[in-house]
Amino acid sequence: MTLWIIWLSLAALLMIIEVFSQMVWTLCLAIGCVAALVGDCFGVALEWQLIILAATTVAAYIILVPYVKRWHEKQVAKEGRASRTGMEALLGRRAIVTQVIHPGEIGRARIDGDSWQVVAPGVPYAIPCGAEVIVTDYNSIILTATLPDK
């Protein structure tokens, strides 16, 4: 098997990994592999192909990382907020009460099919099943909610 096929296969594998993982360094390595492939096509020795791989990978990283950061910042600005994950993603979400929430006690509510323990400290009366509440905070795995403005 000739060396250019190995470089091409490695570049393709790295691009597949990049698609699934979205880690910029795998894209940079794939670019380095393509540069080494070009070197092989021009008859450059293996040692120089490895140097081309390393230099091109580092150059691609230096060039692409600031671009990717700017693109990410534009996406955050367009959305109006940073992407939230985990419990932070629940803040501001609407939930449907599935077990009555009595004042000072824990009830249950459903968000996207998941059942959560919920308290509503600012509500002086029981919130019935089927009512809608808005998640305002959390403490461990217990959500704090309030009633939506009418």
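Residues numbered from 1 in each chain as written. Predicted model: local features only at pLDDT ≥ 70, side-chain atom pairs only at ≥ 80, totals over all residues. Heavy atoms only, no water.

## Overview of the overall build of the chain
Quick reminder of the rule: Put simply, DSSP H or I for four residues or longer makes a helix, DSSP E for two residues or longer makes a strand, and each gets a number counted from the N terminus. The globule rule is 2.2 Å times the number of residues to the power 0.38, and the radius of gyration it is compared with is taken over C-alpha atoms. A 1.4 Å probe rolled over the protein chains alone gives each residue an accessible area, and that area as a share of the maximum for its type sets the label: buried under 20%, exposed over 50%, partly exposed in between. Contacts were defined at the residue level, with two residues in contact if any of their heavy atoms lie within 4.5 Å. Here the accessible surface of atoms and residues is derived via Shrake-Rupley with a 1.4 Å probe, and residues count as covered only by protein chains that are part of the display. Charged-residue counts in this description rest on Lys and Arg as positive and Asp and Glu as negative, His and the chain ends being excluded. Think of each charge as sitting on NZ of Lys, CZ of Arg, CG of Asp or CD of Glu.
Within the chain one finds three helices and five strands. Sequence-ordered secondary structure for the chain, helices as α and strands as β, is α-α-α-β-β-β-β-β. Whereas a compact globule of 150 residues would reach a radius of gyration of roughly 15 Å, the chain reaches 26 Å, over 25% beyond that. Viewed in the frame of its principal axes, the chain has a C-alpha envelope of about 80 × 30 × 25 Å. Of all 150 residues assigned to the chain, the portion counted as buried reaches 28%. The contacts in the chain between residues at least 6 apart in sequence include a share of 48% that link residues at least 24 apart. Surface accessibility of the chain: about 9,900 Å² in total, with carbon and sulfur atoms responsible for 65%. Computing the positive centroid from 11 side-chain charges and the negative centroid from 12, the chain places the two 7 Å apart.

## Here we look at a nonpolar patch on the surface
In plain terms, the rule: Exposure above 30% relative accessible area and the absence of a salt bridge qualify a residue for a patch, where like charges join within 9 Å and nonpolar side chains (Val, Leu, Ile, Met, Phe, Trp, Tyr) within 5 Å. Throughout this description, the term salt bridge denotes a Lys or Arg side-chain nitrogen within 4 Å of a carboxyl oxygen of Asp or Glu.
Among the surface-exposed residues, Leu-10, Leu-13, Ile-17, Met-23, Trp-25 and Tyr-61 lie close enough to one another that they form a single nonpolar patch of about 540 Å² accessible area. Tracing the sequence through the fold places Met-23 in the loop between α1 (3-21) and α2 (24-41).

## Observations concerning the side chain of Glu-18
Applied cut-off: Two N or O atoms form a polar contact when they lie within 3.5 Å of each other; inside protein one atom must be a possible hydrogen donor and the other a possible acceptor, and for residues adjacent in sequence the pair counts only when both atoms belong to side chains.
Relative to the assigned elements, Glu-18 resides in helix α1. One buried charged residue, Glu-18, remains without a salt bridge, the closest side chain of opposite sign being Lys-69 at 15 Å. A polar contact is formed between the side chain of Glu-18 and the backbone nitrogen of Leu-27, at a distance of 3.2 Å. In this view, Glu-18 contacts Met-23, Val-24, Thr-26 and Leu-27; residues no more than four positions away in its chain are not counted.

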